[in-house]
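Observations on the model geometry
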Amino acid sequence: MEWGELRELILRRIRPSVEEERLVEAFCRRVSGELSERLREAGFKAVAEVHGSVAKGTWLSGERDLDIFILLDPGYERDVIPSVLEVVKRYLGSGWVEAYAEHPYLQARIDEFQVDFVPCFRIRPGEPLKSATDRTPLHTAYVREHLKPEQRDEVRLLKRFMKGIGVYGAELKVGGFSGYLCELLIIHYGSFEELLEAAARWRRGTVIQLEVGPDPRELRRRFGTPLIVVDPIDPNRNVAAPVSEDSFWSFVAASRGFLKAPSEIYFYPREERPEAQEILEALRLRGSDLLFVVIPDSDVDVPDILWGQLYKAEKALRGLLERWGFEVLRSAAWSDEASRHILLYELESATLPIVEKHMGPPVEVVEHSERFLRKHLGSEDLISGPWIEDGRWWILTRRRWTGARELLRHHLEVDGGRGIGVPKRLSRRIREGFSLLLNGEIEPYLEGDFISFLHRFLRGRASWLD
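Given the structure is predicted, the values throughout are model-derived calculations rather than measurements. (Residues numbered from 1 in each chain as written. Predicted model: local features only at pLDDT ≥ 70, side-chain atom pairs only at ≥ 80, totals over all residues. Heavy atoms only, no water.)

A word on the sheet that holds strand β9 (residues 328-335)
The antiparallel open sheet is built from 4 strands, whose spatial order is β9-β10-β8-β14. Of all the strands in the sheet, the pair left with one neighbour each is β9 and β14 (435-438). The sheet shows a mean angle of 15° between the axes of neighbouring strands, taken without regard to direction. Against the sheet, helix α16 (residues 448-459) engages β8 (289-296), β9 and β10 (340-347), with an angle of about 160° to β9. (Pairing = 2+ DSSP bridges. Helix = DSSP H or I, 4+ residues; strand = E, 2+ residues; numbered from the N terminus. Axes fitted to C-alpha atoms, helices over the stretch in contact; angles between N-to-C directions. Contact = heavy atoms within 4.5 Å.)

Laid out in structure tokens, this is it:
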């Protein structure tokens, strides 16, 4: 299919219909109007406004996530936020959940919409922030002023493309491109196609400035991230800071691939639903070992806190395995964000020989040589040596840990992994109970989203490469 034809096909799927726009607009007017009235009745100088993609006209058809910001008069301080949220809670009545980012906000399901109610303070460009969310209304105003009406569809194409290749979303779980970043990229480059042409040539440390700013070399030194997009509202902020190295290069690679051969698969990857037996057979034939750490959790943290802990724990356990000689081919973290987390490690082998060859210092370095000999001569773990080979001392020693599962169990049972770098809150969950499963022992958990996640992990490549 030619790109022009494919473009229209995708746009018909992602561009909201007139009826859908009217439905969303009516809902936003009703809720923001009613809440603004409640705030006034409670004595607050504040107004509820819709922000995010709906306010900027860049939302995708079918999306029902809304951001309603409560803009407080600049005379207030942060200590008023709990009282403001009490007004919102009374308005909602029930069904709300209090979440936390820099400060608390509320999430609620109203009709068919998932709504975040976020307090912030009204400021002018250049004024100091009272909270990180204060920028959002300024972002909305900037995009409305600079994004041309015909470019809204360009943003929609970009968002759907990024969703399809798995790099959309600034949350820690994804480490990708935010909606605001997508809008700035289209404002800067002009269109979806022109952005992809540029991204195909991006290099690490690419700098994008929509307004006149510092020398790019200074910005690279300051931020040190793969992509630097200076916030036109706050020149000290890099909008692309959440974009991880992997997400950056995934977008670059997908842009190159799409320009060579445009395909719907970049926007809508094939959904494969493997059976448990397929996964078990793949594990049996793989030739490596997969070790799973299953952590039940009855009190799950908010997503960004949770994923920060999971990624730190994944890295800590990987480091432990590697320090004791296990070759970790790949590792990953998964969570249902409700009751269970799973860390997985693909190992060259989950067992190692009992004998390990250990290199000592050069013979000519007298002090180090003597220290090496004192340490190992007569040691209970010494199997052979010390001998001299190519001018250095060498020994064969008995490994303390020959099994990866036993190594992890020892360190997790002691203190939940705190001593090796597992975050405190997650270590408490681990101390309450965990399972270490090898290969096919994971069968009881092969269901729902986890089975799809494990299938993608084993497959090991993006669907657009097919």
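Some words on the sheet that holds strand β3 (residues 96-100)
Read across the open sheet, the 5 strands follow the order β1-β2-β5-β4-β3; overall the sheet is mixed. Edge positions in the open sheet fall to β1 (46-51) and β3, since each of these has one partner strand only. Ignoring which end each strand starts from, the neighbouring axes of this sheet average 25° apart. Pairing analysis gives 8 bridges linking strand β2 (residues 65-72) to strand β5 (residues 113-121), with the strands arranged parallel. Residue pairing in the sheet places Phe 69 in a bridge with Val 118 of β5. Here helix α2 (residues 18-41) sits on the sheet in contact with β1, β2, β4 (104-110) and β5, set at roughly 160° to β1. Helix-sheet contacts for helix α5 (residues 135-146) involve β1, β2 and β5, and the interaxial angle to β1 is about 50°.

Structural notes on the pairing of β9
Burial runs high along β9: 6 of the 8 residues are buried. Strand direction decides the pairing type here: β9 and β10, joined by 7 bridges, are antiparallel. By the bridge assignment for β10, Ser 335 is matched with His 341. Connecting the antiparallel pair β9 and β10 is a turn made up of 4 residues, with Glu 337 showing a positive phi of about 60°. (Buried < 20%, exposed > 50% of the residue type's maximum accessible area, 1.4 Å probe, protein only.)

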